[in-house]
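# Structural description and commentary
As a plain string of letters, each chain reads:
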Amino acid sequence: MTDASPTGQGVCYGSMADRDFDHLAQHAWLKGWSTRHDGGDEDRSDDLDARFAPVSDFMHTRQWRTAVAHRWQWKGDHITLLEARAALSGVKWVARQPSLHHRRVPFFIDSQACLGALAKGRSPSRKLNRVLRCTAAYIGAADLRMSWLWVPTDHNPADKPSRVRGRKRPARS
């Protein structure tokens, strides 16, 4: 699970049983957007809360640990690009864990624009395409099967680590 803010990024992780993943997958479309709608013709906020109940219930019943939390070295980039860079950090973190190779990975993001670009694998933006290609390289190298899922921002545990304060991460030489 990842999140980005104008100040930094956060990556969180937790464990999930196969039956939990299958349950969440029932409520997700190929592009990660939930297709379940419990309401009638009217679009009310309580219907939307029920629509995302499986995801929010899942988020609150797990223990999440922070894998990455640091400030950006880039200034002034668009938030979708920052969200994609946070997702790249999350995919890198998973790819660097040999025990997680050759698996399906449910990956939660709260940015619909970034989720759509990651699910599709491309974007009209050159900068975003560069990040997407790098992400695809890590996914291919670790033989991961990604399931990109959308999560409402209020239920995203990676939101707090993305609001990092303090010193910027040291630059690599």
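Rules behind the numbers
- Residues numbered from 1 in each chain as written.
- Predicted model: local features only at pLDDT ≥ 70, side-chain atom pairs only at ≥ 80, totals over all residues.
- Heavy atoms only, no water.
- Axes fitted to C-alpha atoms, helices over the stretch in contact; angles between N-to-C directions.
- Helix = DSSP H or I, 4+ residues; strand = E, 2+ residues; numbered from the N terminus.
- Parallel < 35°, antiparallel > 145°, perpendicular 65-115°, else oblique.
- Left-handed = near helix turned anticlockwise from the far one by under 90°.
- Contact = heavy atoms within 4.5 Å.
- Buried < 20%, exposed > 50% of the residue type's maximum accessible area, 1.4 Å probe, protein only.
- Core = buried A, V, L, I, M, F, W, Y, C linked by side-chain atoms within 4.5 Å.
- pLDDT = per-residue confidence, 0-100.
- Lys, Arg positive; Asp, Glu negative; His and termini not counted.
- Salt bridge = Lys/Arg side-chain N within 4 Å of Asp/Glu carboxyl O.
- Phe/Tyr/Trp six-rings, centres within 6.5 Å; stacked < 30°, edge-to-face > 60°.
- 1 Å grid on protein atoms, 1.4 Å probe; cavity = no way out; pocket = protein on both sides within 12 Å on 5 of 7 lines; lining within 4 Å.
- Points joined across faces, edges and corners; volume = space filled by probe spheres on them.
- Nonpolar A, V, L, I, M, F, W, Y, C, P; charged D, E, K, R; others polar.

A few words now on the packing of helix α4 (residues 79-95) against helix α6 (residues 126-141). To characterise two packed helices, one gives the angle between the axes of the helices and the distance between these axes. Between α4 and α6, the least distance of the axes is 9 Å, while the angle of their chain directions is 15°. Taken together, the axis directions place α4 and α6 in an arrangement best described as roughly parallel. In this structure, α4 crosses over α6, and the sense of that crossing is left-handed. Residues Thr 80, Leu 81, Ala 84, Arg 85, Leu 88, Val 91, Lys 92 and Ala 95 of α4 form the contact with α6, whose participating residues are Lys 127, Leu 128, Val 131, Cys 134, Thr 135, Tyr 138 and Ile 139.

Along the polypeptide, Pro 106 turns up in strand β4 (residues 104-109). Overall, the relative accessible area of 22% leaves Pro 106 in the partly exposed class. For the pair Pro 106 and Met 1, spaced 105 residues apart in sequence, the C-alpha to C-alpha distance is 8.4 Å. Discounting residues that sit within four places of it in the chain, Pro 106 has contacts with Met 16, Phe 21, Ser 147 and Leu 149.

Right, let's talk about the nonpolar core for a bit. Core analysis: the biggest nonpolar cluster contains 23 residues, and Phe 107, Ile 109, Leu 118, Leu 144, Met 146 and Trp 148 have the highest contact counts within it. Counting residues per element, the ones that place at least two in this core are α4, β4, α5 (112-120), α6 and β5 (145-150). For this core, the element with the most residues is α4, which contributes seven residues.

A few words now on the confidence of the model for the protein. Mean pLDDT over the protein: 78, with 75% of residues reaching 70 or higher. Mean pLDDT across the secondary structure elements of the protein bottoms out at helix α2 (residues 45-51), with 50, and peaks at α6, with 95. Between residues 30-46, whose pLDDT stays under 50, and residues either more than four places distant or in other chains, the model counts 33 contacts.

The next thing to look at is the side chain of Glu 83. Mapping Glu 83 onto the fold places it in helix α4. For the buried Glu 83, which has no salt bridge, the nearest side chain bearing the opposite charge is Arg 163, at an N-O separation of 7.4 Å. The residues touching Glu 83, leaving out its near neighbours within four places in the chain, are Asp 3, Ala 4, Ile 109, Asp 110, Ser 111 and Cys 114.

This part covers the packing of aromatic side chains. Per the stated rule, a full pass over the model turns up two aromatic pairs. Between Phe 107 and Trp 148, the ring centres sit 5.1 Å apart and the planes meet at 65°, which makes this aromatic pair edge-to-face. A residue pair is termed long-range when its members are at least 10 positions apart, and Phe 107 in strand β4 and Trp 148 in strand β5 qualify at 41 residues. A single burial state applies to Phe 107 and to Trp 148, both of which are buried.

Further remarks concern the layout of surface pockets. Any empty space left between atoms is shown by rolling a water-sized probe over those atoms. Approximately 590 Å³ is the volume attributed to the largest pocket. The wall of the largest pocket is formed by 23 residues, among which Gly 14, Met 16, Leu 100, Val 105 and Pro 106 lie closest to the centre. The leading source of residues in the lining of the largest pocket is β4, at five residues. Each residue belonging to the lining of the largest pocket can be placed in one class, and the counts come to 16 nonpolar, three polar and four charged.

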